[in-house]
Amino acid sequence: MIDKPDPLLGMHPQALSLWQRRAEIISSNLANADTPGFLARDVDFRKALTAATGALDGNQLPMAATESGHIGGNPAYAMADADKLAYRAATQPSMDGNTVDTQIEQAQFAGNAIHYQASLSFITAQIKMMRTAITGGSS
Amino acid sequence: MSLLKIFDVAGSGMAAQSARLNTTASNMANADSVANSEAGAYRAKQPMFSSVQAMVNGQMENEGVRAMGITESQAPVQARYEPSNPMADADGNVWQSNVNPVDELVNMISASRSYQNNVEVMNSARQLMQKTLDLGK
């Protein structure tokens, strides 16, 4: 896995791996649609991508810290926090404590697949551009 | 973490749902079974689902589902007076199963829908993998 933003492909490889992770989590939610007491989970995509690309969120400034242990002062803490999965708020609570709403999960999975393909086409476009630059458009 | 793991997850869901379909089929087939004692009467069976958890990077993550075991329905079994039945006990009673065919039908529909969901997830993952393999073409 590529762990730093690439000058050629930008943040798309990181985004791709996050979409992949999210697809996995949603597939797990769907597999557990009938498991009693199962709580549906999801990724906070914005947080995770911000942490993965090392870019700061436009809305927040880093907090000044005089000690390495200060909360919010250490980017490693923010990173660890972003990696944590969140629980989905139940729309229709069921008697067995399961919070998976199959329709919502299906919609999320489909949306996730589209996003994944979008990231793929961005990468493909970059590769094509580089190929044109290398061959001078003669290939 | 990879798309390949989705196949495992969706596969575990399909296996669990097919276990559920299996017990439903068994229950439906035995809906009219009789026995010669209360203890011997057929009781409706249900698989117990449980999510498979694993520690990944210091946090619990789900790796699918599995059928932990089979539970039997606690609903009372009914005796039917039928002295001519070869299975009848000393009092002329046969013991019927406690299968509720309506419950079983609902279970069957729910299980097959969930199974289809998992198949769809697998198909989508397969398509995404195919597109990833074609990257740059």
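First, a word on what this report is: a plain description of the structure on this page. Keep in mind that this is a model prediction, so the values were computed, not measured.

Rules behind the numbers
- Residues numbered from 1 in each chain as written.
- Chains lettered and ligands numbered in written order.
- Predicted model: local features only at pLDDT ≥ 70, side-chain atom pairs only at ≥ 80, totals over all residues.
- Axes fitted to C-alpha atoms, helices over the stretch in contact; angles between N-to-C directions.
- Helix = DSSP H or I, 4+ residues; strand = E, 2+ residues; numbered from the N terminus.
- Parallel < 35°, antiparallel > 145°, perpendicular 65-115°, else oblique.
- Left-handed = near helix turned anticlockwise from the far one by under 90°.
- Contact = placed C-beta atoms within 7 Å.
- Buried ≥ 20, exposed ≤ 12 C-beta atoms within 10 Å, placed from the backbone.
- Arc of directions from axis to C-beta.
- Pairing = 2+ DSSP bridges.
- Nonpolar A, V, L, I, M, F, W, Y, C, P; charged D, E, K, R; others polar.
- Expected span 1.5 Å × (residues − 1).

In the contact formed by helix H1 (residues 12–31) of chain A and helix H2 (residues 101–133) of chain B, the axes pass within 9 Å of each other and the chain directions differ by 165°. As the angle between them shows, H1 of chain A and H2 of chain B are arranged roughly antiparallel. In the crossing of H1 of chain A with H2 of chain B, the sense of the turn from one axis to the other is left-handed. Only Asn117, Asn118, Val121 and Ala125 of chain B of H2 of chain B make contact with H1 of chain A, whose side of the interface consists of Ala23, Ser27, Leu30 and Ala31 of chain A.

A word on helix H2 (residues 45–53) of chain A. When H2 of chain A is considered as a whole, its buried residues turn out to be Ala48, Ala51 and Ala52 of chain A. Across the axial projection of H2 of chain A, the buried residues extend over an arc of 100°, all falling on one side.

Residues and elements named next belong to chain B. The sheet built from three strands is open, its strands ordered E1-E5-E4 with antiparallel pairing. Both edges of this open sheet fall to strand E1 (34–35) and strand E4 (79–81), since each of them pairs with a single strand only. As judged from the three bridges shared by E4 and strand E5 (residues 93–96), these two strands associate in the antiparallel manner. The residue bridging Tyr81 from the neighbouring strand is Asn93, located in E5.

Each side of the interface is counted separately: chain A has 27 residues, and chain B has 30 residues. Secondary-structure elements contributing two or more residues to the side of chain A that touches chain B are H1 and helix H4 (102–135) of chain A. Broken down by element, the residue count for the side of chain A that touches chain B peaks at 10 residues, all from H4 of chain A. The residue makeup of the side of chain A that touches chain B, split by class, is 13 nonpolar, nine polar and five charged.

Moving on: H1 of chain A. Compared with an ideal rise of 1.5 Å per residue, which puts 20 residues at 28 Å, H1 of chain A spans 28 Å between its outermost C-alpha atoms and is within 8% of the ideal. Among the 20 residues of H1 of chain A, 19 are classified as buried, and the element is accordingly described as predominantly covered.

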